[in-house]
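# Structural features, examined
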Amino acid sequence: MGDRKKIGLVFIENYADWEYGLLAASAMEWFGVDVIALTPDAGTVTSIAGFKRTGERGIAANENDDLDAVAVIGSDGWTAPDTPDASELLKAVEARGGIVGGICAGTLALARAGLFAGRSHTSNGKDWIERKLPDYPGQEHYRDVPFAVADNRIVSAAGTAPATFAIRFLEALLPEKAAMLVDFKAMLAREFQPD
């Protein structure tokens, strides 16, 4: 892992446009972290809004051994029986001490990889995730909260929480930038102040 940290963002077909912007842009612009788009076979995928994205790399673990972190962006595709398997990538990043995150249906990839075992986590609702994966490891540690949850380098969030997902993910990745992250959180919170 070099001087500049690297985050891989995993996108599959029908990815959610609103879930990665704050994380990707602020990581690069304000915190000096490189951000790399990962797609199955480094192919082109289309977002819910119709925007096309081509991956710089595929999602195989051996293509991404320089990543300090990986975030799985939501898509209804993660609920399909033939969904891409990102387990080896996620487990490899976690095994070397990296940060692994999932937002919205992207949390299913983390659950399939067994990364919620023994860790607090959240998703799009307890009933939602248990309908998709009835016996996933760690389901007893589910937290039904409207904000992102971080536990031992694993970050999860509902699709309605992209701001706290970005904050918790960057806090886990950049503990040395705690003061900047307090300012970042305060800046985002100002949007929700009363008129």
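Below is a summary of the structure that appears in this document. Residue positions are given per chain, counted from 1 along the sequence in the order it is written. Where local features are concerned, this predicted model is filtered to residues with pLDDT of at least 70; where side-chain atom pairs are given and counted, the filter is 80 or more; whole-chain, interface and lining totals use all residues. Side-chain calculation: all heavy atoms of the structure are included, whereas hydrogens and water are not.

Another aspect to go through is the sheet that holds strand β7 (residues 149-151). Taken in spatial order, the six strands make up an open sheet running β2-β1-β5-β6-β8-β7, and their pairing is mixed. The two strands at the open ends of the sheet, each matched to only one other strand, are β2 (34-38) and β7. Sheet twist, expressed as the mean angle between neighbouring strand axes with direction ignored, is 15 degrees. Summarising the sheet, β7 and strand β8 (residues 154-157) pair through three bridges and their orientation is antiparallel. Paired with Ala-150 across the two strands is Val-155, which belongs to β8. Helix-sheet contacts for helix α2 (residues 87-95) involve β1 (6-10), β2, β5 (69-72), β6 (99-103) and β8, and the interaxial angle to β5 is about 145 degrees. By definition, two strands form a pair when at least two bridges between them are found by DSSP. Numbering of helices and strands runs from the N terminus, with a helix taken as a DSSP run of H or I at least four residues long and a strand as a DSSP run of E at least two residues long. The axes used here are C-alpha line fits, helices contributing only the stretch in contact, and every angle between their N-to-C directions lies in the interval 0 to 180 degrees. Note on contacts: a residue pair qualifies if any of its non-hydrogen atoms lie within 4.5 Å across the two residues.

Before going further, it helps to examine the nonpolar core. Remark: nonpolar core denotes a set of buried residues (Ala, Val, Leu, Ile, Met, Phe, Trp, Tyr, Cys) joined through side-chain atoms within 4.5 Å. Each residue is assigned to one of three classes by its accessible area relative to the maximum for its type, calculated with a 1.4 Å probe on protein chains only: buried under 20%, partly exposed between the two thresholds, exposed over 50%. Ile-7, Leu-9, Phe-11, Leu-23, Phe-165, Phe-169 and Leu-170 are the most contacted members of the largest nonpolar core, which totals 33 residues. When residues of this core are traced back to their parent elements, those giving at least two are β1, α1 (21-29), β2, β5, β6, β8, α5 (162-173) and α6 (178-189). With six residues, α5 is the single largest residue contributor to this core. Leaving out residues up to four positions away in the same chain, Leu-170 has contacts with Leu-23, Ser-26, Ala-27, Phe-31, Leu-181 and Phe-184. Trp-78, Val-93, Ala-109 and Leu-110 belong to the second largest nonpolar core, which has 28 residues in total.

Before going further, it helps to examine the packing of aromatic side chains. Note on aromatic pairs: the rings of Phe, Tyr and Trp (six-membered ring only in Trp) are paired at centre separations within 6.5 Å, and the planes decide the class, stacked below 30 degrees, edge-to-face beyond 60, tilted for the rest. Within the structure shown, the criterion is met by seven aromatic pairs. The interplanar angle of 65 degrees and the centroid separation of 6.1 Å between the aromatic rings of Tyr-15 and Tyr-20 together place this pair among those described as edge-to-face. With centroids separated by 5.9 Å and ring planes inclined at 80 degrees, the aromatic side chains of Phe-31 and Phe-184 adopt a geometry described as edge-to-face. Taken together, the positions of Phe-31 in the loop between α1 and β2 and Phe-184 in helix α6 put the pair 153 residues apart, joining distant regions of the chain. An aromatic cluster is defined as three or more aromatic residues linked by ring pairs; in this entry it consists of Phe-11, Tyr-15 and Tyr-20. Two conditions define a charge sitting above a ring: the NZ of Lys or the CZ of Arg must be within 6 Å of the ring centre, and it must be within 35 degrees of the ring normal. Arg-53 extends its terminal NZ or CZ atom over the ring of Phe-11, reaching a point 4.5 Å from the ring centre.

The next point concerns the pairing of β5. In regular strands, side chains alternate between the two faces of the sheet. Because side chains alternate across β5, one face comprises the buried residues Ala-69 and Ala-71, and the other comprises Val-70 and Val-72, equally buried. Note that β1 and β5 share four bridges and pair parallel. Each bridged residue has a counterpart across the sheet, and for Val-10 the counterpart in β5 is Val-72. Direction of pairing for β5 relative to β6: parallel, over a ladder of four bridges. Paired with Val-72 across the strands is Gly-102, a residue of β6. For the segment spanning β5, α2 and β6, crossover handedness is right-handed. If you view a crossover with the strands going away from you and the path from the first strand over the helix to the second runs clockwise, you call it right-handed.

Right, let's get into the pattern of salt bridges. Here a salt bridge means any side-chain nitrogen of Lys or Arg lying within 4 Å of a carboxyl oxygen belonging to Asp or Glu. The final tally for this structure, using the stated rule, is eight salt bridges. In this structure, Arg-57 and Asp-66 form a salt bridge, with 2.7 Å as the shortest nitrogen-oxygen distance. A relative accessible area of 18% means that Arg-57 is categorised as buried. For Asp-66, a relative accessible area of 23% gives the class partly exposed.

A cluster of nonpolar side chains, contributed by Trp-30, Met-180 and Met-187, occupies part of the molecular surface with about 280 Å² of accessible area. Here Met-187 is to be found in helix α6. The exposure class assigned to Met-187 is partly exposed, which follows from its relative accessible area of 33%. Think of a patch as exposed residues, more than 30% relative accessible area, with no salt bridge, where like charges cluster within 9 Å and nonpolar side chains (Val, Leu, Ile, Met, Phe, Trp, Tyr) cluster within 5 Å. Here, Shrake-Rupley sampling with a 1.4 Å probe gives the accessible areas, and only protein chains in the shown set may cover a residue.

Just distances and angles here, no functional claims.
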